[in-house]
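An overview of the molecular structure
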Amino acid sequence: MTTVLNPQKSLSVNPLKMSQPLGAALAFLGLKGMMPLFHGAQGCTAFAKVVLVRHFRESIPLSTTAMTEVSTILGGEDHVEQAILTIVDKYKPQVIGLLTTGLTETRGDDMGRILKIVREKHPELASLPIISVSTPDYKGSLQDGYTAAIESIVATDYGPFASDEPPTVSMKPQVTVLCSSHLSPGDVEELKSIVEAFGLTPVMIPDLSRSLDGHLEDNPHTVTTGGTTITQLKQLNRSCLTLAIGESMRKSAQILEGRFGTKYEVFPRLAGLDAVDAFLWRLSQILTSRCDHHFPLVPNIPANLQRQRRQLQDVILDTHFYFGGKKVSLALEPDLLYQTAWLLTEMGAKIQAAVTTTKSPILESLPIDNVTIGDLADLEDLAAGSDLIITNSHGTALSKRLQAPLYRMGYPIFDQLGLGQRCLVGYRGTMQFLFDVGNILMEEEAKHSPATLH
């Protein structure tokens, strides 16, 4: 069992974590027709927008209630009302995600009461979903804000399914897939294609693969053009199972079980041979469990995935020479840390140091004796002598000081391209990770003994 250390430092020297509002905004961007609305000062929104634009290199729709010094003291109810009316008038969103910031949380704004008053004054907003979530940025991290937003999304009542709405459910069994913050748009796309290969209809929450994957639209847009639709959210009761990807999605799955009676299963990671095997085997059992017991089906894995599995076995064989015995230090959000640390351990690497951003029960199951909730300064103290550093782009300077190569993961990554389509889950994603890291380790070995490269 891993011991979780929380030094309670009074000063963060080289911050690792991103704020809760940023995480909530990221989750909201996975809904179609969405406009996230920050209730706070303009700077809170500007910071999140800059981080997301630099990471994805896409235009990011965000808006703010633009609190001032005066409204902070006297109250910002009018700002919330005016912001919602302006967004509805100018951008015509299908849904609004209203999230708080440190400023308004400190003031103690009652968002439930404010939204109730706004709806009473403007009955024309009755059919517009407004998802509210509390995200104080003086505590927690990006993963906490993201998780809170997903819980609000699945807990919100979107009204009955109208008969004139286009149906999204086919004759295929439907499953709800809850995607943790460690899954990129490329990961969500890969996950969706895997589920569909088994003859299932997945409802991804959130579906970043349609909103932040990096694609050109025919017309200018001011809200997200893809993602989970409101129609899909109205039909969550039709899912036969909830698949929670990442430990942080457990509570959201429990909310769905409480609302609709949908059973759920949590998959803490989807990288590595055993982890992907277990996920695919469970998918194969969904169809067989629904068939007539007089005509039982044999669980079967699609041929393309069997082919990818054989390819991954070969990649593991080719790359394990470079991973064996290597010392790796990581600083990542809890779900991503768990997935990456276990994959490296299975490849024969040794986790020298692990630093994370926030508390999580999954931290007690890491393949290391201690994990520190801290910042990149803590990582620098613990990672001396490491063969590889894995963290976000803010670790560039410390990796140079430690003379160890850096593999970039998490948020933000502002000095690399293609993050909207980067895939590190499933058989294909695991292969990509092993190639990326294996090439870095091979290059480092060649620097010290060039003859080994040949």
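Residues numbered from 1 in each chain as written. Predicted model: local features only at pLDDT ≥ 70, side-chain atom pairs only at ≥ 80, totals over all residues. Heavy atoms only, no water.

By the definition in use, this model includes three aromatic pairs. For the pair Phe56 and Tyr411, a centre-to-centre distance of 6.1 Å together with 55 degrees between the ring planes defines the contact as tilted. One end of the pair, Phe56, is in helix α2 (residues 42–56); the other, Tyr411, is in the loop between β14 (406–408) and α16 (426–448), with 355 residues separating them in the sequence. Tyr411 shares its class with Phe56; the two are buried. Ring geometry for Phe267 against Phe279: centres 5.1 Å apart, planes inclined by 85 degrees, an arrangement best described as edge-to-face. A residue pair is termed long-range when its members are at least 10 positions apart, and Phe267 in strand β9 (residues 264–267) and Phe279 in helix α11 (residues 273–290) qualify at twelve residues. The burial state of Phe267 is the same as that of Phe279; both residues are buried. Of note, Arg54 hangs over the ring of Phe414, and the distance from its end group to the ring centre comes to 4.3 Å. (Phe/Tyr/Trp six-rings, centres within 6.5 Å; stacked < 30°, edge-to-face > 60°. Helix = DSSP H or I, 4+ residues; strand = E, 2+ residues; numbered from the N terminus. Buried < 20%, exposed > 50% of the residue type's maximum accessible area, 1.4 Å probe, protein only. Lys NZ or Arg CZ within 6 Å of the ring centre and 35° of its normal.)

The next thing to look at is the state of the cysteines. Scanning the model with the defined rule gives zero disulfides in all. Of all cysteine sulfurs, the one in Cys179 lies closest to Cys423, which takes part in no disulfide; the gap is 12 Å. Residue Cys423 is classed as buried on the basis of its relative accessible area, which comes to 13%. (Disulfide = S-S within 2.5 Å.)

Attention now moves to the packing of helix α1 (residues 20–28) against helix α7 (residues 142–155). Packing of α1 against α7 brings their axes to within 6 Å, and their N-to-C directions diverge by 45 degrees. Compared by their axis directions, α1 and α7 come out oblique. The two elements α1 and α7 meet at a crossing, and its hand is right-handed. Residues Gln20, Leu22, Gly23, Ala24, Leu26, Ala27 and Phe28 of α1 form the contact with α7, whose participating residues are Leu142, Asp144, Gly145, Tyr146, Ala149, Ile150 and Ile153. (Axes fitted to C-alpha atoms, helices over the stretch in contact; angles between N-to-C directions. Parallel < 35°, antiparallel > 145°, perpendicular 65-115°, else oblique. Left-handed = near helix turned anticlockwise from the far one by under 90°. Contact = heavy atoms within 4.5 Å.)

Turning to empty space enclosed by the protein, a few remarks are in order. Here the structure, examined in full by the defined rule, presents three cavities of 30 Å³ or more. Reported here for the largest cavity is a volume of approximately 260 Å³. Together, 18 residues line the largest cavity, and His182, Ser184, Leu336, Gly410 and Tyr411 are the ones closest to its centre. Where the lining of the largest cavity is concerned, the elements lending two or more residues are α7 and α13 (334–346). Here the second largest cavity is characterised by a volume of approximately 80 Å³. Looking at the lining of the second largest cavity residue by residue, the classes come out as seven nonpolar, four polar and two charged. (1 Å grid on protein atoms, 1.4 Å probe; cavity = no way out; pocket = protein on both sides within 12 Å on 5 of 7 lines; lining within 4 Å. Points joined across faces, edges and corners; volume = space filled by probe spheres on them. Nonpolar A, V, L, I, M, F, W, Y, C, P; charged D, E, K, R; others polar.)

Keep in mind that these numbers describe shape and distance, not what the molecule does.
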